[in-house]
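Residue-level structure breakdown
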Amino acid sequence: MLLEGRRALVTGASSGIGKATALRLGAEGARVAVNYYSDKERPDAEAVAAQIDPGGANAFAIKADVGSEPDVVGMVGECQKRLGGLDILVNNAGIEKEVPTLEMPLDLWEAVLRTNLTGAFLCLREAGRLMAAQKGGVIVNMSSVHEFIPWPGFAHYCASKGGMKLLTQTVAREWAPLGIRVLAIAPGAIATPINDFVLDDAEARHRVEAEIPLGRFGRPEEIAAAVAWAASDQAGYVTGTTLVVDGGMSTYPKFT
Ligand code: BGC
């Protein structure tokens, strides 16, 4: 097992890539805090924790809005109490909603930046404080191919992921002397609930598949596998960079 005894927190872990990641880290021997956003997601998060460890000693669900400073301080404090520290943080929580920029309301812009970027910052800072005291840890930020591919209708989302890229690189430099690695993973189109608006529409689905040399959406487990490796000692020399896992989408297959 890659992560025997490691203590991990995965945000937004009640579904999609976060869920697959929590399950994979658990399967690799980690003890996992399974973060979820609201009471609506609670049963799903509890099911993820129970799947990792039905006894509950090595996995538990924990509610927090990653965009709220008191929530994040409370959540990381709880991890400290229940796990004795944190070795791995996966900043996965994220939202998106298509809106042309000319019509983008400020509150939607702010909501996306708050969860995707400020949330990642708050979790990273709080977990980083624990990791600095422990003299070690790994932070994996769930970015996107949209940290470098522009996406019309998603300016807020692209801004959040572009911000995440330089957050990752900057903090990787700051914290390398503390023994903390900070890196990002950039999934392409993955079959998760965030993409239901495309997956449920055959024409839109084919349009996206045509953008992917491997010809299909990725599976959440294929991202989780990358996270498990990135968080393990096998990736001990990897920091300050983004690992792209996108079926080749970022080779721009339509460009001839
Ligand atoms: C988005 C997906 C999108 C993919 C590729 C991801 O960051 O969450 O909705 O399909 O990028 O465009």
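Further up the page is the structure itself.
Right, let's walk through the structure included here. Everything numeric here is computed off the predicted structure, so don't read it as measured data. (Residues numbered from 1 in each chain as written. Predicted model: local features only at pLDDT ≥ 70, side-chain atom pairs only at ≥ 80, totals over all residues. Heavy atoms only, no water.)

1. A few points about the overall build of the protein
Looking only at helices and strands, one finds eight helices and seven strands in the protein. The C-alpha atoms of the protein give 17 Å as radius of gyration, which agrees with the globular expectation for 256 residues (18 Å, within 12%). Overall size of the protein, expressed as C-alpha extent along the three principal axes, is 50 × 40 × 40 Å. Residue pairs in contact within the protein that sit at least 24 positions apart in sequence constitute 75% of those at least 6 positions apart. Carbon and sulfur atoms form 55% of the exposed surface of the protein, whose accessible area is close to 11,800 Å². With 24 positive and 30 negative side-chain charges, the protein shows a spacing of 6 Å between the two charge centroids. (Helix = DSSP H or I, 4+ residues; strand = E, 2+ residues; numbered from the N terminus. Rg over C-alpha atoms; globule rule 2.2 N^0.38 Å. Contact = heavy atoms within 4.5 Å. Areas by Shrake-Rupley, 256 points an atom, 1.4 Å probe, with all protein chains shown as cover. Lys, Arg positive; Asp, Glu negative; His and termini not counted. Charge placed at Lys NZ, Arg CZ, Asp CG, Glu CD.)

2. A look at the nonpolar core
Judged by nonpolar contacts, the single largest core of 30 residues is most densely connected at A22, L25, V32, V34, I185 and V227. For this core, the elements supplying multiple residues, two or more each, are strand 1 (7-10), helix 1 (16-27), strand 2 (31-36), helix 2 (42-52), strand 4 (88-91), strand 5 (137-142), strand 6 (180-187) and helix 8 (220-231). Here V32 is in contact with A8, V10, A22, L25, G26, I52, N58, A59 and F60, once residues within four sequence places are set aside. Formed by 29 residues, the second largest nonpolar core is a distinct cluster that contains I62, V72, M75 and L83. (Core = buried A, V, L, I, M, F, W, Y, C linked by side-chain atoms within 4.5 Å. Buried < 20%, exposed > 50% of the residue type's maximum accessible area, 1.4 Å probe, protein only.)

3. Topic: the pattern of salt bridges
All chains considered together, the criterion is met by 18 salt bridges. Between D87 and R7 there is a salt bridge whose closest N-O contact spans 2.9 Å. You can see D87 sitting in the loop between helix 3 (69-83) and strand 4 and its partner R7 sitting in strand 1, a full 80 residues away along the chain. Each member of the pair, D87 as well as R7, carries the same accessibility label: buried. (Salt bridge = Lys/Arg side-chain N within 4 Å of Asp/Glu carboxyl O.)

4. A few points about the sheet that holds strand 2
Read across the open sheet, the seven strands follow the order 3-2-1-4-5-6-7; overall the sheet is parallel. The open sheet has two edge strands with one neighbour each: strand 3 (59-63) and strand 7 (242-245). Direction aside, the axes of adjacent strands within the sheet are offset by 20 degrees on average. Of the pairings in the sheet, the one linking strand 4 to strand 5 comprises four bridges and is parallel in character. From the neighbouring strand, V90 faces strand 5, where its bridge partner is V140. Helix-sheet contacts for helix 1 involve strand 1, strand 2, strand 4, strand 5 and strand 6, and the interaxial angle to strand 1 is about 170 degrees. In the packing of helix 5 (residues 155-175) onto the sheet, the strands contacted are strand 4, strand 5 and strand 6, and the crossing angle to strand 6 comes to about 160 degrees. (Pairing = 2+ DSSP bridges. Axes fitted to C-alpha atoms, helices over the stretch in contact; angles between N-to-C directions.)

5. Re the site of the ligand
Every residue close to the ligand is listed here: E96, S144, H146, W151, Y157, G188, A189, I194, N195 and M249. One nitrogen or oxygen atom from the side chain of Y157 is found 2.6 Å from an oxygen atom belonging to the ligand. N195 has a polar side-chain atom sitting 2.5 Å from an oxygen atom of the ligand. Protein contacts shield 91% of the accessible area of the ligand, which totals 310 Å² for the unbound molecule. Each residue belonging to the shell around the ligand can be placed in one class, and the counts come to five nonpolar, four polar and one charged. (Near = heavy atom within 4 Å. Polar contact = N/O pair within 3.5 Å; in protein donor to acceptor, adjacent residues only side chain to side chain. Nonpolar A, V, L, I, M, F, W, Y, C, P; charged D, E, K, R; others polar.)

6. Some details on the pairing of strand 4
Side chains I88 and V90 of strand 4 all project onto a buried face; the interleaved residues L89 and N91 project onto the opposite face, where all are buried too. Where strand 1 meets strand 4, three bridges bridge the pair, whose relative direction is parallel. In the strand pairing of strand 4, V10 is matched with V90. On the question of chirality, the crossover connecting strand 4 to the parallel strand 5 by way of helix 4 (residues 106-134) is right-handed. (Right-handed = clockwise from strand over helix to strand, strands pointing away.)

7. Some remarks on helix 1
With 12 residues, helix 1 should reach 16 Å at 1.5 Å per residue; the first-to-last C-alpha distance of 17 Å fits that figure. Turning to helix 1, its buried residues number three or more, namely G16, I17, G18, A20, T21, A22, L25 and G26. Where helix 1 terminates, the next one or two residues include G29, which has phi positive at roughly 100 degrees. (Expected span 1.5 Å × (residues − 1).)

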